[in-house]
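Spelled out, the chains give:
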Amino acid sequence: MGKTFETIKLLRQPGFHFVGPQFRHDDTRDSLEDSRLIYKTLSGRRPKTEDRDVIRESVKATVMRLFELCIQHEYWFYDYPGANNNAIHGALNRVLEQWEIPSLLTPMLVRLVVGSYIEARTLCTSNERSELSDRVDEFMDIWRTAVKREEEAAQATQPKSKADPWLSADFAPCERGMLYSQRIFNEIRDISASNPTMPELSDQETDPIQIQKFLCTLALSFFSDTRRFALYLHPIGYLNRSEKRAAHDSDYSTIHGFVKYAREMLVHHNRNMAIGLVTFPNRTTPKALLIHKALQLWGSPPGIRFLCLDPQEEVGEYIDTIMEKIKDAFGNEITEAYWGGWTEEEAIKYDGRYMEWVCAFIQRVVTNDEPVPDYLVDDYGYQSISLYFRFRWGEGYV
């Protein structure tokens, strides 16, 4: 017991409460040896005579790097579980390749480390915080989502074959993960570009699960080599993870998550546009966000165009936050920005049915054959917000 107590001291940091033996999956001798290997790895195999505070800081730095890598590559954890039998195992294996430590650790042992720190963070009842606890907080939502999908994969009907659309290499790992949801799996599994389905437009009262089904149906039906859009497959309901965590709501995603997804798709997956559906619960009317690559014209450098379809043209907290998130992700790459997009004809047609209006817009975007929808600015009543961007961010943006 004394030895366990001493090794736990090496893990102690503000914001964590470690209880009992750590890094153990059972009481066998093999498990004990695995635990010792983890301690040696985290502490850098330092001599027992070295100052304990120095070792503790070394452990902190090593674990901090682990969680930073996990957050940086969060989409690895969102892959469809059936694609490699265990998305978490595959993600941690890739994290191990970048974790700069001489180690014999396996993905299973790294999972013990991650799980122990998340549990210790959850058990902490004090208001103490540290840089490490903030990193663990940030990763906790990612981890819980990945674990939930892993559990759903074990319970749900398995895919019929490797021809299933969500196993297609054309979809990014995070998209395959979002397509795979136990609650809608059997309803969308037969949909593909060769067997498309035009979904019913969602209405104002539609619950988030039905919105997700609408988005997934569009993606499976219309994504192809000629329509390389990136449709965010969860409704966006919160500004950031901390706000979502406080609401205890797992059905809506965040502005932060969408903008990070858009950057990933446009830069690393050769997509020409990213689309998100915003529907803050009970706080604002639905909106559609579109971030896409602008065409290079007359020798000018290519850039990023941002549009927001907002039936009521609301300006305030949400536009400020959305703009700041986009600035953080794209900065000087943004060359055009527009907000609004309603016409009097459509206002009469939809008569306050804002969710249906926004869904119709998204459907129009993803079913159009043009690689970049330049027609949108001309056809819809957008107002340029270039001056707004300059006012908020300073000269030199748009």
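Residue numbers run consecutively from 1 along every chain, following the written order of its sequence. At least 70 in pLDDT is required for a residue's local features to be given in this predicted model, at least 80 for side-chain atom pairs to be given and counted, and no such filter applies to totals for whole chains, interfaces and linings, which use all residues. The side-chain figures draw on all heavy atoms in the structure; neither hydrogens nor water molecules are used.

**A closer look at the packing of helix α10 (residues 208-222) against helix α15 (residues 354-367)**
Direction vectors running N to C along α10 and α15 enclose 15 degrees, while the axes themselves pass 10 Å from each other. Classed by the angle they form, the pair α10 and α15 counts as roughly parallel. Seen along the crossing, α10 lies across α15 with a hand that is right-handed. Contact with α10, carried on its side by Ile 211, Phe 214, Leu 218 and Phe 222, involves Met 355, Cys 359, Ile 362, Gln 363, Val 366 and Thr 367 of α15 and no other residues of that element. Simply put, an axis is a line fit to the C-alpha atoms, just over the touching stretch for a helix, and the angle between two N-to-C directions goes from 0 to 180 degrees. Only DSSP runs of H or I with at least four residues qualify as helices, and only runs of E with at least two residues qualify as strands; both kinds are numbered from the N terminus onward. Comment on the angle field: the value is read as roughly parallel under 35 degrees, roughly antiparallel over 145, roughly perpendicular from 65 to 115, and oblique elsewhere. Should the near helix be turned anticlockwise from the far one by less than a right angle, the crossing is left-handed, and should it be turned clockwise, the crossing is right-handed. Two residues qualify as a contact provided that any one of their heavy atoms is within 4.5 Å of a heavy atom in the partner residue.

**Describing the confidence of the model for the protein**
Low-confidence regions, as indicated by low pLDDT, have predicted coordinates that should not be scrutinised in detail. How sure the predictor is of each residue is captured by pLDDT, a score from 0 to 100. On average, residues of the protein score 75 in pLDDT, and 75% of them are at 70 or above. Here residues 159-163 scores under 50 on pLDDT; set against residues more than four positions off or in separate chains, the count is nine contacts. Confidence drops under pLDDT 50 across residues 296-300; counting only partners more than four residues distant or on other chains, this segment forms one contact.

**Structural notes on the pattern of salt bridges**
Every case where a carboxyl oxygen of Asp or Glu lies within 4 Å of a side-chain nitrogen of Lys or Arg is listed as a salt bridge. For the coordinates displayed, the defined rule picks out 10 salt bridges. Close ionic contact of Asp 137 with Arg 121 constitutes a salt bridge, the shortest N to O distance being 2.9 Å. Placement of the pair is Asp 137 in helix α7 (residues 131-155) and Arg 121 in helix α6 (residues 107-123), with a sequence separation of 16 residues. Here the two residues Asp 137 and Arg 121 agree in accessibility, since each one is buried. The partner of Arg 135 in a salt bridge is Glu 131, with the nearest N and O atoms 3.7 Å apart. Linking Arg 135 with Glu 131, this pair stays in helix α7, spanning four residues, or about one helical turn. On the basis of relative accessibility, which here comes to 23%, the residue Arg 135 falls in the partly exposed class. Here's how the labels work: a residue is buried when its accessible area is under 20% of the maximum for its type, exposed when over 50%, partly exposed in between, all with a 1.4 Å probe on protein chains only. For Glu 131, a relative accessible area of 45% translates into the label partly exposed.

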